[in-house]
Amino acid sequence: QVQLVESGGGLVQAGGSLRLSCTASGSTFTFRLNAMAWYRQAPGKQRELAAGISSSGNTNYADSVKGRFTISRDNAKNTVYLQMNSLKPEDTAVYYCHGLTPKGYNYWGQGTQVTVSS
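Residues numbered from 1 in each chain as written. Predicted model: local features only at pLDDT ≥ 70, side-chain atom pairs only at ≥ 80, totals over all residues. Heavy atoms only, no water.

**Regarding the packing of aromatic side chains**
Stated formally: Pairing of aromatic side chains here covers Phe, Tyr and the six-membered ring of Trp, requires ring centres within 6.5 Å, and sorts the geometry by plane angle: under 30 degrees stacked, over 60 edge-to-face, intermediate tilted. A run of H or I in DSSP counts as a helix once it spans at least four residues, and a run of E counts as a strand once it spans at least two, with each numbered from the N terminus. Three labels apply to residues, based on accessible area from a 1.4 Å probe with only protein chains included: buried if under 20% of the type maximum, exposed if over 50%, partly exposed otherwise in between.
Summed over all chains, the structure comprises two aromatic pairs. The interplanar angle of 90° and the centroid separation of 5.5 Å between the aromatic rings of F29 and Y107 together place this pair among those described as edge-to-face. Separated by 78 residues along the polypeptide, F29 in the loop between β3 (18-25) and β4 (35-41) and Y107 in strand β10 (residues 106-108) bring together distant segments of the chain. Note on F29: relative accessible area 5%, which makes it buried.

**Focus on the state of the cysteines**
Filter applied, for reference: To count as a disulfide, a pair of cysteine sulfur atoms needs to be within 2.5 Å.
A full pass over the atoms with the stated rule returns one disulfide. Sulfur-sulfur distance for the disulfide between C22 and C97 comes to 2.1 Å. On the S-S bond that ties C22 to C97, the torsion sits near -80°, and the link is left-handed. With C22 in strand β3 and C97 in strand β9 (residues 93-100), this residue pair connects regions lying 75 residues apart in the sequence. Of the two residues, C22 and C97, neither departs from the other in class, the shared state being buried.

**Let's talk about the nonpolar core**
Quick reminder of the rule: In plain words, nonpolar cores are sets of buried Ala, Val, Leu, Ile, Met, Phe, Trp, Tyr and Cys residues tied together by side-chain atoms within 4.5 Å. In what follows, a contact means two residues having at least one pair of non-hydrogen atoms within 4.5 Å.
Judged by nonpolar contacts, the single largest core of 27 residues is most densely connected at M36, W38, V80, L82, M84 and Y95. Ranked by the residues each element gives to this core, the list is headed by β3, at four residues. What L82 contacts, discounting residues up to four positions off in sequence, is L18, R19, L20, W38, A51, F69, T70, I71 and Y95.

**Notes on the pairing of strand β1 (residues 3-7)**
We apply this condition: Paired strands, as defined in this entry, are two strands with at least two bridges between them according to DSSP.
The two faces of β1 differ: L4 and E6 on one face are buried, but Q3, V5 and S7 on the other face are not. The sheet contact formed by β1 and β3 spans five bridges and is antiparallel. Considered in β3, the bridge of L4 is made with A24.

**Section: unusual backbone geometry**
With phi around 50°, N78 is a residue other than glycine that occupies positive phi space. With respect to the element layout, N78 can be found in the loop between β7 (69-74) and β8 (79-84).

Note that all results are geometric; they support no functional claim without further evidence.
In C-alpha cells:
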C-alpha cells in the first residue's frame, strides 16, 4: 500500500519560513520515477498546485510562490521537500503532497496545515 506522509506544517508569523517534508512508502511506488508536487487548499477555495518537480528534477511553481518557495527531492530518502520563505497570510492553507507515476496513477498525502499570522 502506498503512503505519502507529510510533516513540517505549523503556525508561523508573516515573513517567516517553514519546510514541509513528504516521505513516500510502498513497494509499488518507485519514488525516483515519479513526478512529485505540493498542492494547497485554502478555506473556501479550490485545491491548487503550489510547486512540482519531475523525476529528472525539473521544477515549476505557481506565480504566487515564485521566488519564495523551493521544491526539491531526495530519491535516496524517498522524500520531497517544500522550503517556504517570506511567508504571507495568503499562504495559509492545507498543503498536500502528490505523486504521479509514469502510468498515470495519482497518490495523495493526508495534508498538513500551514497557518501564517499577520
